[in-house]
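Examination of the molecular architecture
These are the residues of each chain, in order.
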Amino acid sequence: MPTIIDLFAGAGGLSLGAARAGFKVAAAVELDSKAISSHITNFPHTIHIQKDIMTLSGNDLLKLSGIMRNELIGIIGGPPCQGFSTIGHGNVDDPRNQLFIKFFKLIEELQPAFFLAENVPGIMNDKYTKIRADALKHLKDYTLLSPIYVNASEYGAPTTRTRVFFIGYRTKD
């Protein structure tokens, strides 16, 4: 079964989709104690890492996950969106915006075959161009698809939330 790690895992929405698609969610990283508690309930066979991602390297993730680099096929995650949300302050300097960049630094370090990152549409606002560029520059060995906008209500969810997905796959070995 192909193995992935879920970063910023929350209660496990992306993990659920990945598991239903046939992936083994080997590890989930989540700092919030309530969210990780829910993830533990939802995914009892996953290794749960309650740490600040900003303090972790790719090697740390592998060691804590108990998986070998060649076993890791993908990384998924939903970096915090508060700094990008049009509902909030939309603060370019919100320190949480750096977590989006960290996601892609870990992709560069770990070199999985693919990645999927989810966020709010506000991240595509022109004022975040530098943040996106700083994040995506870590994808030298990847083909990045055009961002995909998904309205959850079109897939049976009882909400009209739209999210943007960044998906890429490694093109160099």
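In this report, the structure presented in the accompanying data block is examined. Keep in mind that what you see is a predicted model, and the values were worked out from it rather than measured.

With respect to the element layout, Gly74 can be found in strand 4 (residues 72–77). Between the C-alpha atom of Gly74 and that of Leu144, which follows or precedes it by 70 residues, the distance is 14 Å.

With that out of the way, let us pick up the pattern of salt bridges. Applying the stated rule across the entire model yields four salt bridges. Lys140 is the partner of Glu108 in a salt bridge, and the nearest nitrogen-oxygen pair spans 2.8 Å. Placement of the pair is Glu108 in helix 4 (residues 98–110) and Lys140 in the loop between helix 5 (129–136) and strand 6 (142–144), with a sequence separation of 32 residues. A salt bridge links Asp134 to Lys130, with the shortest nitrogen-to-oxygen separation between them at 2.8 Å. Taken together, the residues Asp134 and Lys130, both in helix 5 and four residues apart, mark about one turn of the helix. What makes Lys130 exposed here is its relative accessible area of 59%.

In contact at an axis separation of 8 Å, helix 4 and helix 5 are set at 20 degrees when each is read in the N-to-C sense. One finds that helix 4 runs roughly parallel with respect to helix 5. Judged by the sense of rotation from one axis to the other, the crossing of helix 4 with helix 5 is right-handed. Across from Phe100, Ile101 and Phe104 in helix 4, the residues of helix 5 making contact are Ile131, Arg132, Asp134, Ala135 and Leu136.

Turning to the packing of helix 3 (residues 58–65) against helix 4, a few remarks are in order. Axis separation between helix 3 and helix 4 bottoms out at 8 Å; the angle between their running directions is 75 degrees. Considering their axes alone, helix 3 and helix 4 lie roughly perpendicular with respect to each other. Where helix 3 approaches helix 4, its residues Gly58, Asn59, Leu61 and Leu62 are matched on the opposing element by Leu106, Glu109 and Leu110. Partitioning the contact of helix 3 with helix 4 into residue classes produces four nonpolar, two polar and one charged.

Conventions and cut-offs
- Residues numbered from 1 in each chain as written.
- Predicted model: local features only at pLDDT ≥ 70, side-chain atom pairs only at ≥ 80, totals over all residues.
- Heavy atoms only, no water.
- Helix = DSSP H or I, 4+ residues; strand = E, 2+ residues; numbered from the N terminus.
- Salt bridge = Lys/Arg side-chain N within 4 Å of Asp/Glu carboxyl O.
- Buried < 20%, exposed > 50% of the residue type's maximum accessible area, 1.4 Å probe, protein only.
- Axes fitted to C-alpha atoms, helices over the stretch in contact; angles between N-to-C directions.
- Parallel < 35°, antiparallel > 145°, perpendicular 65-115°, else oblique.
- Left-handed = near helix turned anticlockwise from the far one by under 90°.
- Contact = heavy atoms within 4.5 Å.
- Nonpolar A, V, L, I, M, F, W, Y, C, P; charged D, E, K, R; others polar.

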